[in-house]
Amino acid sequence: MTIADVSGEVFSTRSELDGSGLRVKLTGCLDMETAPALERFLGGLSRALESLSVREIEFDVDGLYLMSSSSISHLAVWIKRLKAQAPASRVRFKTNPNLAWQRRTLDSLRRLSERVVTID
Amino acid sequence: MTLGFRNRDCLMRSVRNLVVDVCSELLDSLDTTQQLVVAVQELLENLVKYSEYGAAELDFELCLLDGQPTVRIGTSNRASERHLSEARCMLDRTISASDPLELFHALVATSGERKGSGLGLVRLRAESGLALSYVVDDDRLRIEASRRVQPRRMEMDR
């Protein structure tokens, strides 16, 4: 099963399977106009994960410059669902040290489950 | 600067980019610029989502307040009775929170369980360090957010 990436001008994703892990690069800005694309992408990701033997999902947000609250909500809902459906899965956010907002914002997602979510 | 919106959500990115340019030029810290861009984005999204009758404004000002360099962000919009009531409730909760970050984490944890999360307003205090106040006048909501900032030192000052 393939994962349907987002290829918008303002926001895009690139997913790569790597052994038992999946690497997803998020690039651009997540505002109220691009948040629905993230929501659809996460829905597709959930369906794909059901048939893939993936234990770790890495979100590389190095090139993500903004995330507004609607996208935080979408990620929170997705993580809660993943935790319930695949408790052994792990989610890692790879952040950009020059974008301090990323750690502040993503920390709220880590707090949903410190066992599941880590931030690098 | 004062910007008026009339169902022009396409202007959001231009406004955001303008705030980035102004803050990058005039403020000392990239982190402060990022915090203010987050705040402006959240306020703009609320204007686009909840403004009734197409009338909404955003002001962004870097100024001296009581002799201190300050950023002041204001929004003004007309809204339905239901949205005004929800906004009042979330603003009161945000303003009175002794630990806004804990409130933010609690709201993230319950994401998806309600419509209109209020996350954006809480984020203004929790992540952007802004003090908030608001006034409701008839069907118009005015929100003001402010905090101290550190201006960038210009070559001529050194």
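Residues numbered from 1 in each chain as written. Chains lettered and ligands numbered in written order. Predicted model: local features only at pLDDT ≥ 70, side-chain atom pairs only at ≥ 80, totals over all residues.

S.K.: I'd like a rundown of the packing of helix 2 (residues 69–85) of chain A against helix 5 (residues 119–126) of chain B, residues and numbers included.
M.R.: Contact pair helix 2 of chain A / helix 5 of chain B: the axes reach a minimum separation of 9 Å and the direction vectors enclose 105°. Relative to helix 5 of chain B, the element helix 2 of chain A is oriented roughly perpendicular. Residues Ser69(A), Ile72(A) and Ser73(A) of helix 2 of chain A form the contact with helix 5 of chain B, whose participating residues are Leu119(B), Gly120(B) and Arg123(B). Among the residues forming the contact of helix 2 of chain A with helix 5 of chain B, the class breakdown is two nonpolar, three polar and one charged. (Axes fitted to C-alpha atoms, helices over the stretch in contact; angles between N-to-C directions. Helix = DSSP H or I, 4+ residues; strand = E, 2+ residues; numbered from the N terminus. Parallel < 35°, antiparallel > 145°, perpendicular 65-115°, else oblique. Contact = placed C-beta atoms within 7 Å. Nonpolar A, V, L, I, M, F, W, Y, C, P; charged D, E, K, R; others polar.)

S.K.: Hey, could you go over the environment of Ser85(B) for me, with residue numbers and the actual values?
M.R.: Residue and element names in this part refer to chain B. The residue Ser85 is located in helix 3 (residues 81–96) in this model. Taking the number of C-beta atoms within 10 Å as the measure of exposure, Ser85 has 12 and is therefore exposed. A C-alpha to C-alpha distance of 20 Å links Ser85 and Gly112, two positions 27 residues apart in sequence. (Buried ≥ 20, exposed ≤ 12 C-beta atoms within 10 Å, placed from the backbone.)

S.K.: Can you break down the interface of chain B and chain A residue by residue, with the values?
M.R.: Of the residues lining the interface, 22 residues belong to chain B; the matching set on chain A comes to 19 residues. Every element with two or more residues in the side of chain B that touches chain A is listed here: helix 2 (30–50), helix 4 (100–109) and helix 5 of chain B. Its residues assigned to classes, the side of chain B that touches chain A shows eight nonpolar, eight polar and six charged.

S.K.: Describe in detail the pairing of strand 4 (residues 131–137) of chain B, supporting the description with residues and values.
M.R.: All names here are of chain B. Sparse coverage of strand 4 is indicated by the burial of zero of its seven residues. Relative to strand 5 (residues 140–148), strand 4 runs antiparallel, the two being bridged by seven bridges. Counted as the bridge partner of Leu132 is Ala145 from strand 5. (Pairing = 2+ DSSP bridges.)

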